[in-house]
Amino acid sequence: MMSNGLALLSIFTLSIFVGFEVVSKVSSTLHTPLMSGANAIHGVILVGAIIVADRSSNNLELTLALIAIVLATINMVGGFVVTDRMLEMFKAKKK
Amino acid sequence: MMSNGLALLSIFTLSIFVGFEVVSKVSSTLHTPLMSGANAIHGVILVGAIIVADRSSNNLELTLALIAIVLATINMVGGFVVTDRMLEMFKAKKK
Amino acid sequence: MSRNLYDLIGLAAAVCFILALKGLSHPKSARRGNLIGAFGATVATLLVFFFTGNSGEPDWHALPLRHLPLILGAILIGLLVGVPAARKVQMTQMPQLVALFNGVGGGAAALVAIVEYLRLGSSASPAVVIATVFTVVVGSVSFSGSCITFAKLQELMTTRPVVFPGGRFLIAANVAGVFAAGAWVINSGGNTPLLVLAGLSLLFGVLFVLPVGGADVPIVISLLNAFTGLTVAASGYVLQTTLLIVAGTLVGASGTILTRLMAEAMGRSLFKTLFGAFTAKPQATSTEAETRSVKSGSPEDIAILLNYARRVVFVPGFGLAVAQAQHTVRELADLLTAKGIDVAYGIHAVAGRMPGHMNVLLAEANVPYEQLQEMDEINPTFAQTDVALVIGANDVVNPAAKNLPGCPIYGMPILEVADAANVVFLKRSMRPGFAGIENELLYDPKTTLLFGDAKETLTKVVSALKNL
Amino acid sequence: MSRNLYDLIGLAAAVCFILALKGLSHPKSARRGNLIGAFGATVATLLVFFFTGNSGEPDWHALPLRHLPLILGAILIGLLVGVPAARKVQMTQMPQLVALFNGVGGGAAALVAIVEYLRLGSSASPAVVIATVFTVVVGSVSFSGSCITFAKLQELMTTRPVVFPGGRFLIAANVAGVFAAGAWVINSGGNTPLLVLAGLSLLFGVLFVLPVGGADVPIVISLLNAFTGLTVAASGYVLQTTLLIVAGTLVGASGTILTRLMAEAMGRSLFKTLFGAFTAKPQATSTEAETRSVKSGSPEDIAILLNYARRVVFVPGFGLAVAQAQHTVRELADLLTAKGIDVAYGIHAVAGRMPGHMNVLLAEANVPYEQLQEMDEINPTFAQTDVALVIGANDVVNPAAKNLPGCPIYGMPILEVADAANVVFLKRSMRPGFAGIENELLYDPKTTLLFGDAKETLTKVVSALKNL
Ligand SMILES: NC(=O)c1ccc[n+]([C@@H]2O[C@H](COP(=O)([O-])OP(=O)(O)OC[C@H]3O[C@@H](n4cnc5c(N)ncnc54)[C@H](OP(=O)(O)O)[C@@H]3O)[C@@H](O)[C@H]2O)c1
Ligand SMILES: NC(=O)c1ccc[n+]([C@@H]2O[C@H](COP(=O)([O-])OP(=O)(O)OC[C@H]3O[C@@H](n4cnc5c(N)ncnc54)[C@H](OP(=O)(O)O)[C@@H]3O)[C@@H](O)[C@H]2O)c1
C-alpha cells in the first residue's frame, strides 16, 4: 500500500507522459482544433466548482463558487462547441 | 482520497496508454532491440522475487523464490546486455 | 453512489479525455475525438450530482447538493453565454474566443482553490496551501494574460509588442512580489495575503503578455492554455479529485508540446517569443521602399494572365478570411481547372490568425483536400508555376523574413512565391500585414497588384475570365 | 528508508523505464534508452535491500533481508548464466536468446505469485487470488511457449507448423481445463488446484506455439513478451508494488503494439499468424518447377556482370548471416563504389531471423547508414538497377508471396528484384528458404546462380573483380 500522496504523484507523472506522447506528432493543420479541444477539457474544473459550491460555508464563498461555475461552464461547453464547429468544416471536405 | 485499489487501477490504465503511445511509431529496424529491451525491463520482477524470498516461511517457498531470483536475474541482466550488444553495432555505423 | 464507483466513473471520464486528445491529433478522428471529450466532461459533471460521500469522508456531500438551484442556475448562465458565443463567432475571430474561454477556465480554477482555502482556513495542510498558491498564481496569470491576448487579437489595442522604459524592472519587481506574497500566504495564512497574491498575479499576467508581438499571440494562448491545465491539476490536488489531476495534467503536458510545435511551425524559439521583446533592439522596418512605384493591374489583366498559365498557385492569407472570399476562390479554381490549368493552394502554417485557419476556411468552401499543400510541399514547385495569386496574404510571403534581421518575422519560413514567373497580390492598399512590416515583393517587377476587397476583385476576375 | 521515499524512488525507476522505451523507439537514442532502462532496473533492485517496512505494514521486511546470502547467491548464479550467454551469443542466434530470456522472466513472475499464494494461504483476498491465477496462467504459457519458440529457432525441432489430427479439440479441451482449474483455485484455494493450473497452462503454452509456422515465430516471441509484461504487472498487484505494476504494464502495452507492428511488417494479420494453422488447407508449394533447368555462373561471370553495371543493389538475407559474409559484402560494395558504380542495400523488414537483423549485421560491418534502404524506398528503383545481387536470401524475394495463394508467405510484401535487368543468387543449393517454398525466380531467364557458401563465393567475386 502506497500513500495517497505518492499514488497521486504517480498518476500525475504518468499523465504527463500520456499528454506528451499523445499529441507529439500532430500536424500543423490541427493545431488550432487541438488547442481548442484541450482548452475545453480543462473546463472540467466545473466539477471542482460544483464541489466547492456545495461545501461553501458563507455567502462570499458561495458567490465566488457560483462565479467559478459560470466561468467553468463557459469554458467547457463553449470550448467543445467551438471545436466541433471548426472540425465540422474539416469534415465537409471529405465529401 | 480514493481507495488503494482505484489508485492502482488508475496507474495501470495510464501505464497502458504510455506504453501504447511511446512505441507506436517505431521503425521496423528497431523492432528487435525494442522487443529485447522491453523484455529486459520485465526482468524487474527480480524485485518481487527478492521480496518473496525474504518473506518465505518454509523451505519450499524459499527454494521456489530462489529459483525465481535466478530466472529473473537472467532475464534482466542478460536482456540489457544483449540489447546493448545489438545497439552497439547500430552505433558503430555513425562513425 | 459509493466512492469506488465514483472514482471508477471518474477514471472512465479521464480515459475519455485521453482518447479525445488522441483523436484530435489525427485529421480523420478529430471530430470524434472532440465528441468523446465532451462526453467525458458531461459524465464527469453529472457524476457530482449523484455521488454521496459516506460518513467516513467528511469532505464529501450529501444528496441533493446544497444550493442546488443556484448551482443549476449558474450552469444555465454559463450555457447561455458560452453556447451562442461559440456558435455565432466568425471564423476570423475564433482565436480570440479560444483565448477568452481559456482565460475564464483559468479564472474558475483560481476561484475554486480560493474558495476551498477560505473554507479550510487554518485547517488546510501545508501541501494544500502550496497547491492553492500555485493555482491562484497560475490561474490569475492565465486569466489576465488571456484577456490581453483577446484585446490584441480583437484589435482593442495595438498588436505590436508593448515595451516601455523600465518594463524589465517592473516585471522583475512583480515576479519578486508574487514570490513574496506566495511565501506570506504559506507562512501566515489568512485572506489578505491571498488577495495580494491574486492581485500581483493578475498584474503579472498583463505584464507578461504586453511585450509579445501580435504574430506570436497564438503561441502565448497555447502556453496559457497549458498553464490553465496545470492550474486545474493543482485544484484537483486541493480537492483530492483524481479526475481533475489527470485532466489538468493532460492538458498541461499536451499544451506544452503543442506550444513548442506551434513555435516551430512559425520558425521561432519559444524563449525568444516570450522574452524577445526585452532583448531586441528597436525593430527594423524597411521604410525606404515607400516612394518606389508599383505595377497595378485590372481584373481583366489578371484574367488574361491566368488564362494562359499552365499552373496557378493560390496563396490565401488573413485578408481572404476578412473578405470571406473563400467561396469565390473556389469558383475561380474550378474555372481554371475546367480550362485544364493545374491549380494548387499553398497553405502557410500561420496564414490567417490561428494555426490551421486557412485549412478551416477552405474546407468550409469544399476545396478538395488534395489541392491544399503545406509549405514544404509547395515551395519546390513555385519554379514551375506561372502565376502565384496571393489573396489577402502578406507576412507569409514577405522576403523580409529571410533578408531583414531584427524584423518581427525574421526567421519564419515563408512561401517562396518570388520563384513563380508572375506574382499577383490581391489587397486593398499598400498597408503592411499583421507584423507591420513593408513587403519588398510588392515592388518587384514581376509583381502585379490588384487593389480592392478580395471578394469583389476575385468576383470580377471570375467574370472577366468567363468572358474571355 | 521510509515507505514514501521507497515509493518515490520506485516511481523514479518507473520513469526510467518509460524513458527507456521512448529512447529505444528512435535510432539515435536507442542505446542510451537501453542504458537508462538498465539503470532504472538496478536502482529498483538495490532499493529492496535498503528498505525497512515500518511496524504498521507487516508485509514489509526488516533489515537486513532474511536469507540475504542465499538471495545474493541466487543473483550471482543468474549473473553467471545470463551475462556470458548474452555476450557470447552469435548474432544469428539472438532471437532464440531473447525468447529464452523472455521465457525465464515469465517463469519467474509465475513463481513469485505462487510463493506469495503459498505463504498467504487462506488469508489471501479474492482479488489477490484472481491476480495469482492470472499470473500463473500467463506466466506458465509464456515460459513453455518461449521454450518451444527456442526449440524451433534453434532447429531442435521442425520450423514448420505442427498440426496433428484432433489438435484443435485438444487445444479447446486444454483451454477449458485451464478455466476450470482457475475456477477451482479461486473457489477452494489450496495447493493442488494451483499445481494443476500451472501444469495445464504449461501444456497450453506448448500447444499454442506448436502450430505456428517458423516464419511467424518472432511475432509469437513478441506476443509472449507482452504476456510476460502483464504477468509482472499482476504479480505487482499481488505484492502491492507499484513499480512492478507500471513496468509490467508498460511492457505489456508496448509489446502488444510491437507485435502488431511486426505482423504488419511481415504483411500478416496477427489473428492468422496465431490461429492460421487451424483453418488453412494443406499448404500449397510450387513443386512442378523442380525439373526445370537453371543458369549458373562462375565468380568471374558475376564479376564481369558487376563491372559493367551502373547500379547494383545487394539484397542480403539469412544466408548472409549464416556465412558471416557481411564484411566481404562491404568490401565488394567499396570496390564497386570506387569504380563509380551506384551501390545500395535493399533491406527487407523480415530478412534474416529477426526484425532488423540485417541492419544489425551490416552495421557491424560498418556499412554506411545511407546505403541501407527499406523496402518501400528501394522497390521503385529496381527498374533502374542493372544487377540485383541476392546474398543468402530467398523468401524475401520470392514471387510466390504474390502469386501463390495459400503458401506460407502469401501476402508478405517482397523486394521486387525481378524488376532489375539481372538477378544473381548466391546460395549453396537449390534448397528453399525458411518458409520451405520453391522460388520460381531461380528459374527465370534473367537469373544467374552462384552456388557456394556466400562468404567464399563473394571473396572469389571480389578477387575476380580486382583482376579485371
Ligand atoms: N495563423 C496563426 O496562428 C497566426 C496567429 C496570429 C498572428 N499570425 C500572424 O498573422 C500573419 C499572417 O500572415 P498573412 O499573410 O496571412 O496575413 P497578413 O500578413 O496579416 O496580411 C493580410 C493582408 O490581407 C490584406 N487584407 C485585409 N483585408 C482584406 C480584404 N478584405 N481584401 C483583400 N485583402 C485584405 C491586408 O492588406 P490591406 O490592408 O492592404 O488590404 C494584409 O496585407 C503572420 O504575421 C502571422 O505570424 C498568425
Ligand atoms: N526477420 C525476421 O523477423 C524473421 C524471423 C523468423 C523468420 N523469418 C523468416 O525468415 C525468412 C527470411 O527470408 P530470407 O530471404 O532472409 O531467408 P530465407 O528465405 O530463409 O533464405 C535463406 C537462404 O540463404 C541460403 N543460405 C543459407 N546459408 C547460406 C550460406 N552459408 N551461404 C549462402 N547462402 C546460404 C539458403 O539457401 P541454401 O540452403 O541453398 O544455401 C536460403 O535459401 C522469411 O521467411 C521470414 O519470414 C524472419
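So, here is what we can say about the structure in this document. (Residues numbered from 1 in each chain as written. Chains lettered and ligands numbered in written order. Predicted model: local features only at pLDDT ≥ 70, side-chain atom pairs only at ≥ 80, totals over all residues. Heavy atoms only, no water.)

1. Description of helix H7 (residues 191-209) of chain C
Relative to the 27 Å expected for 19 residues at 1.5 Å per residue, H7(C) spans 28 Å between its end C-alpha atoms, a close match to the ideal helical length. For H7(C), the complete set of buried residues consists of Pro193(C), Leu194(C), Leu197(C), Ala198(C), Ser201(C), Gly205(C), Leu207(C), Phe208(C) and Val209(C). (Helix = DSSP H or I, 4+ residues; strand = E, 2+ residues; numbered from the N terminus. Expected span 1.5 Å × (residues − 1). Buried < 20%, exposed > 50% of the residue type's maximum accessible area, 1.4 Å probe, protein only.)

2. Description of the nonpolar core
One finds Phe314(C) and Phe314(D) to be the most contacted residues of the largest nonpolar core, which totals 382 residues. Aside from chain neighbours lying at most four places away, what touches Phe314(D) is Val329(D), Leu332(D), Ala333(D), Leu336(D), Val343(D), Ala344(D), Tyr345(D), Gly346(D), Leu389(D) and Ile391(D). (Core = buried A, V, L, I, M, F, W, Y, C linked by side-chain atoms within 4.5 Å. Contact = heavy atoms within 4.5 Å.)

3. Things to note about the packing of aromatic side chains
Residue and element names in this part refer to chain D. Under the defined criterion, the tally for this structure stands at 4 aromatic pairs over all chains. Between the aromatic rings of Phe314 and Tyr345, the centroid separation amounts to 5.3 Å while the plane-to-plane angle is 70°, which identifies the pairing as edge-to-face. Placement of the pair is Phe314 in strand S1 (residues 311-316) and Tyr345 in strand S2 (residues 342-347), with a sequence separation of 31 residues. Each member of the pair, Phe314 as well as Tyr345, is classed as buried. (Phe/Tyr/Trp six-rings, centres within 6.5 Å; stacked < 30°, edge-to-face > 60°.)

4. A word on the site of ligand 1
Residue and element names in this part refer to chain C. In the vicinity of ligand 1 there are 30 residues, among which Pro218, Val350, Asn394, Asp395 and Ser429 approach most closely. In this structure, an oxygen atom belonging to ligand 1 sits 2.7 Å away from a side-chain N or O atom of Ser429. A total of 920 Å² of accessible area belongs to ligand 1 in isolation, and the protein chains cover 97% of it. For the shell around ligand 1, the secondary structure elements donating two or more residues are helix H12 (318-323) and strand S5 (422-427). At 4 residues, H12 tops the list of elements feeding residues into the shell around ligand 1. A class-by-class count of the residues in the shell around ligand 1 yields 15 nonpolar, 9 polar and 6 charged. (Near = heavy atom within 4 Å. Polar contact = N/O pair within 3.5 Å; in protein donor to acceptor, adjacent residues only side chain to side chain. Areas by Shrake-Rupley, 256 points an atom, 1.4 Å probe, with all protein chains shown as cover. Nonpolar A, V, L, I, M, F, W, Y, C, P; charged D, E, K, R; others polar.)

5. Looking at the interface of chain D and chain B
On the side of chain B, 75 residues touch chain D, which itself brings 101 residues to the contact. Both faces combined, the contact of chain D with chain B buries some 8,000 Å², and carbon together with sulfur accounts for 77% of it. Remark: the boundary between chain D and chain B carries 3 salt bridges. Residue Glu116(D) is joined to Arg55(B) by a salt bridge in which the shortest nitrogen-to-oxygen separation is 2.8 Å. Scanning the region where chain D abuts chain B turns up 15 residue pairs in polar contact (both at pLDDT 80 or more). Taken together, the residues that form the side of chain D that touches chain B break down as 64 nonpolar, 27 polar and 10 charged. (Buried area = accessible area lost by both parts, 1.4 Å probe. Salt bridge = Lys/Arg side-chain N within 4 Å of Asp/Glu carboxyl O.)

6. What about the interface of chain B and chain A?
Contact residues are listed per partner, giving 13 residues for chain B and 13 residues for chain A. At the junction of chain B and chain A, the tally comes to 0 salt bridges. Counting every contact that joins chain B to chain A gives 0 residue pairs in polar contact (both at pLDDT 80 or more). Looking at side-chain class alone, the side of chain B that touches chain A contains 8 nonpolar, 3 polar and 2 charged residues.

7. Regarding empty space enclosed by the protein
All chains considered together, the criterion is met by 4 cavities of 30 Å³ or more. Taken as a whole, the largest cavity holds about 140 Å³ of empty space. In this structure, the largest cavity is lined by 16 residues; those nearest its centre are Asp7(C), Gly10(C), Leu11(C), Thr242(C) and Leu243(C). Breaking the lining of the largest cavity down by element, the ones donating at least two residues are helix H1 (3-24), helix H2 (30-50) and helix H9 (242-265) of chain C. Together, 14 residues line the second largest cavity, and Asp7(D), Gly10(D), Leu11(D), Thr242(D) and Leu243(D) are the ones closest to its centre. Where the lining of the second largest cavity is concerned, the elements lending two or more residues are helix H1 (3-24), helix H2 (30-50) and helix H9 (242-265) of chain D. In the lining of the second largest cavity, the residues fall into 9 nonpolar, 4 polar and 1 charged. (1 Å grid on protein atoms, 1.4 Å probe; cavity = no way out; pocket = protein on both sides within 12 Å on 5 of 7 lines; lining within 4 Å. Points joined across faces, edges and corners; volume = space filled by probe spheres on them.)

8. Side note on the sheet that holds strand S4 (residues 387-391) of chain D
Residue and element names in this part refer to chain D. Spatial strand order, S3-S2-S1-S4-S5-S6: 6 strands in an open sheet with parallel pairing. Lying at the two open borders of the sheet, with one neighbouring strand each, are strand S3 (372-374) and strand S6 (447-451). The average undirected angle you get between the axes of adjacent strands in this sheet is 25°. Across 5 bridges, S4 lies against strand S5 (residues 422-427) in parallel orientation. (Pairing = 2+ DSSP bridges. Axes fitted to C-alpha atoms, helices over the stretch in contact; angles between N-to-C directions.)

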